[in-house]
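# Survey of secondary and tertiary structure
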Amino acid sequence: MAGGAAAVFTAVAAAPAGAAEGGVSFTRVQVNGGKPIVIGVSNEVAVPASFRMATTQAWEYPAVYLYRSGGDELWHAIETSDCIKVSSGVCDFDETMYFDPSVWDMRNSEAGAWKVAARVFFKGDGGDTDDEGLTVHVKRNSRLTVNASPEPVAKDKTITVTGKVTRANWETRKYASYGGRLVSLQFKPSGAASYTTVKKVYANSSGDLRTTVKASKTGTWRWVYYGNTTTGPSMSSGDNVVVN
């Protein structure tokens with residue numbers, strides 16, 4: 001049995017054919033606890049995965065990875081643990097997928113749904129690749145800013161809350177305006193433990209947010225965006241406004 005800590009760089013390969021060469025069973029496959037993978041423009045993202053493999057073959061380099069129909073795999077590095085023996089011929093593995101947008105040329109079109117497959121190579125020749133029937137969403141990170149003014153303000157006077165929503169452009173490695181998003185304006189009174197949604201506002205075509213509200217209590221204002229199938233959620237910092 002070949003051990004772990006094997007770094008594998010994935011590229012483009014044939015889509016899983018479902019036990020094409022057989023002799024291996026993959027079960028208990030998990031990627032990121034079922035949560036989306038959200039990637040920005042510079043920081044490496046380490047994604048946990050795990051699986052169980054059963055085979056009587058002599059093997060090396062088992063791993064789960066992400067692919068789409070047509071054979072495209074998502075560029076990343078994989079590190080797999082040594083066999084955690086369950087019984088004869090059965091091993092559990094811990095894995096980490098590393099996504100680094102500052103190193104690899106990620107395309108914006110890669111945001112969205114990906115399928116999960118498991119693969120192992122046999123010692124000498126051949127291997128096995130199986131589709132695992134799982135879907136993982138890979139998303140572009142988003143960001144929000146906030147500003148509430150005037151500060152301070154007289155009780156029951158109007159304040160203006162502005163902000164901007166942007167998201168990662170993997171191709172330029174910068175954040176760009178993300179227009180047309182529906183964003184929630186939330187407020188937390190001073191001394192309170194949680195925020196409450198006050199209203200929802202659409203960003204304009206440049207991603208700019210602007211609305212007015214009545215200030216009745218001292219507290220903190222923030223914007224919250226809940227994301228979509230290609231873009232991760234985000235939350236601005238809070239802007240505290242004192243009401244006199």
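Residues numbered from 1 in each chain as written. Predicted model: local features only at pLDDT ≥ 70, side-chain atom pairs only at ≥ 80, totals over all residues. Heavy atoms only, no water.

Another aspect to go through is the state of the cysteines. Enumeration over the complete set of coordinates arrives at one disulfide. Between the sulfur atoms of C83 and its disulfide partner C91 the distance amounts to 2.0 Å. On the sign convention where negative means left-handed, the S-S torsion of about -80° between C83 and C91 marks this disulfide as left-handed. (Disulfide = S-S within 2.5 Å.)

Let us now look at the pattern of salt bridges. Within this structure, the stated rule accounts for five salt bridges. Across the pair R173 and D105 runs a salt bridge, and its minimum N-O distance is 3.0 Å. Placement of R173 in the loop between β12 (157–169) and β13 (174–177) and of D105 in the loop between β8 (90–99) and β9 (112–122) is noted, with a sequence separation of 68 residues between them. Measuring nitrogen to oxygen at the nearest pair gives 3.2 Å for the salt bridge that ties D208 to K164. Taken together, the positions of D208 in strand β16 (residues 208–215) and K164 in strand β12 put the pair 44 residues apart, joining distant regions of the chain. Judged by its relative accessible area of 32%, D208 falls in the partly exposed class. For K164, a relative accessible area of 27% corresponds to the partly exposed category. (Salt bridge = Lys/Arg side-chain N within 4 Å of Asp/Glu carboxyl O. Helix = DSSP H or I, 4+ residues; strand = E, 2+ residues; numbered from the N terminus. Buried < 20%, exposed > 50% of the residue type's maximum accessible area, 1.4 Å probe, protein only.)

Applying the stated criterion to the full structure yields six aromatic pairs. Aromatic pair W59 and F93: ring centres 5.5 Å apart, planes at 85°, arrangement edge-to-face. Taken together, the residues W59 in strand β5 (residues 59–67) and F93 in strand β8 connect sequence positions 34 residues apart. The class of F93 is buried, set by a relative accessible area of 2%. Directly above the ring of Y65 sits R119, whose terminal nitrogen or CZ lies 4.0 Å from the centroid. A cation sits over an aromatic face here: R222 above Y195, 3.6 Å from the ring centre. (Phe/Tyr/Trp six-rings, centres within 6.5 Å; stacked < 30°, edge-to-face > 60°. Lys NZ or Arg CZ within 6 Å of the ring centre and 35° of its normal.)

The sheet built from four strands is open, its strands ordered β3-β10-β9-β5 with mixed pairing. Edge positions in the sheet fall to β3 (37–39) and β5, since each of these pairs with one other strand and no more. In this sheet, neighbouring strand axes are inclined to one another by 30° on average, regardless of whether the strands run parallel or antiparallel. (Pairing = 2+ DSSP bridges. Axes fitted to C-alpha atoms, helices over the stretch in contact; angles between N-to-C directions.)

This part is about the side chain of E132. Along the chain, E132 falls in strand β10 (residues 127–140). The buried charged residue E132 lacks any salt bridge partner; its closest oppositely charged side chain belongs to R119, at an N-O distance of 11 Å. (Lys, Arg positive; Asp, Glu negative; His and termini not counted.)

Here the focus is the confidence of the model for the protein chain. Close inspection of predicted coordinates is inappropriate for parts of the model with low pLDDT. Here the protein chain averages 91 in pLDDT, and 91% of its residues register 70 or above. A low-confidence stretch, residues 1–6 (pLDDT under 50), is modelled with 20 contacts involving residues beyond four sequence positions or located in other chains. (pLDDT = per-residue confidence, 0-100. Contact = heavy atoms within 4.5 Å.)

One ladder, built from six bridges, connects strand β14 (residues 182–189) with strand β15 (residues 196–202); its direction is antiparallel. Its bridge partner lying in β15, Q186 is registered against T197. With antiparallel pairing between neighbouring strands as the criterion, β14 and β15 make up a hairpin whose turn holds six residues, including G191 at a positive phi of roughly 90°.

Once that is clear, we can look at the environment of M235. Positionally, M235 belongs in strand β18 (residues 234–235). For the pair formed by M235 and T96, sequence separation is 139 residues and the distance between their alpha carbons is 27 Å. If sequence neighbours within four positions are ignored, M235 has contacts with L144, R222, W223 and V224.

Take N141: it is sitting in the loop between β10 and β11 (142–149). Linking N141 and T231, residues 90 residues apart in sequence, is a C-alpha distance of 6.0 Å. Filtering out sequence-adjacent residues up to four positions away, N141 remains in contact with V38, I39, G40, T166, R167, A168 and Y175. Separated by 2.8 Å, the side chains of N141 and Y175 make a polar contact. (Polar contact = N/O pair within 3.5 Å; in protein donor to acceptor, adjacent residues only side chain to side chain.)

Geometrically, the link from S149 to P150 is a cis peptide bond, its omega value of 5° lying close to zero. Along the chain, P150 turns up in the loop between β11 and β12. Residue P152 is bonded to the preceding E151 through a cis peptide linkage, with omega at -10°. Mapped onto the elements of the fold, P152 is located in the loop between β11 and β12. Of note in this structure, N32 is not a glycine but carries a positive phi near 55°. When you line up the elements, N32 lands in the loop between β2 (24–31) and β3. By relative accessible area, N32 is classed as buried at 13%. One non-glycine residue with positive phi stands out, namely Y61, at about 60°. Looking at the element boundaries, Y61 is found in strand β5. Given a relative accessible area of 42%, Y61 falls into the partly exposed group.

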